[in-house]
Amino acid sequence: QVQLVESGGGLVQAGGSLRLSCAASGRTFSTYVMGWFRQAPGKERESVAGIDWSGGSTYYANSVKGRFTISRDNAKNTVYLQMNSLKPEDTAVYYCAASTGFLFKKDDYWGQGTQVTVSS
């Protein structure tokens, strides 16, 4: 069982930065692929970024490439999402998730989300 708690969301002006954190419980954190997803009002949840257990393999949605960076600290059971050059279209609830592979499913482990609002 893994419990995930996101933090670090908030209100920021366009062009600004935020760093999201996702703290995981459980001693098997380092074995999971971790991902960040987001859901804007009226839209479906979309994948933002993912990272394998070692941190050696990552992927990003085209919309955030070059602006967002995913990382993890297995000693702290935490995954991060550094978001730079934020745009109003990045406004969404951001969720982290843990899975056994890069194909995330609804029955994987999900956090409750943290709101990110980017003003223009």
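Everything in this summary refers to the structure shown in the same document. Along each chain, numbering runs from 1 in the same order as the chain's sequence is written. Totals for whole chains, interfaces and linings use all residues, but because this is a predicted model, local features are given only for residues with pLDDT of at least 70 and pairs of side-chain atoms are given and counted only at 80 or more. Values shown for side chains rest on all heavy atoms present in the structure; no hydrogens or waters enter the calculation.

A few words on the nonpolar core. Within this scheme, the nonpolar core is defined by two criteria: the residues are buried Ala, Val, Leu, Ile, Met, Phe, Trp, Tyr or Cys, and they are joined through side-chain atoms within 4.5 Å. Remark: exposure states derive from per-residue accessible area (1.4 Å probe, protein chains only) relative to the maximum for the residue type, with buried under 20%, exposed over 50%, and partly exposed in between. Judged by nonpolar contacts, the single largest core of 29 residues is most densely connected at Met34, Trp36, Leu81, Met83 and Tyr94. Numbering of helices and strands runs from the N terminus, with a helix taken as a DSSP run of H or I at least four residues long and a strand as a DSSP run of E at least two residues long. Residue assignment for this core shows that the elements contributing at least two residues are strand S3 (18-24), strand S4 (33-39), strand S5 (46-51), strand S7 (68-73), strand S8 (78-83), strand S9 (92-99) and strand S11 (114-119). What Met83 contacts, discounting residues up to four positions off in sequence, is Gly16, Ser17, Leu18, Leu20, Arg67, Phe68, Tyr94 and Val116. Residue contacts are counted whenever heavy atoms from the two residues lie within 4.5 Å of one another.

Next up on the list: the environment of Arg67. If you trace the backbone, Arg67 turns up in the loop between strand S6 (58-60) and S7. Residue Arg67 is classed as buried on the basis of its relative accessible area of 10%. Residues Arg67 and Gly101, spaced 34 residues apart in sequence, show a C-alpha to C-alpha distance of 24 Å. Sequence-distant contacts of Arg67, defined by excluding residues within four places in its chain, comprise Gln82, Met83, Asn84, Ser85, Leu86, Lys87 and Asp90.

Before going further, it helps to spend a moment on the environment of Gly10. In this structure, Gly10 sits in strand S2 (residues 10-13). Sequence separation of Gly10 and Ser30 is 20 residues, and the distance between their C-alpha atoms is 28 Å. Ignoring anything within four residues of it in the chain, the contact list for Gly10 reads Leu18, Gln115, Val116 and Thr117.

Shape descriptors only; they carry no functional weight alone.
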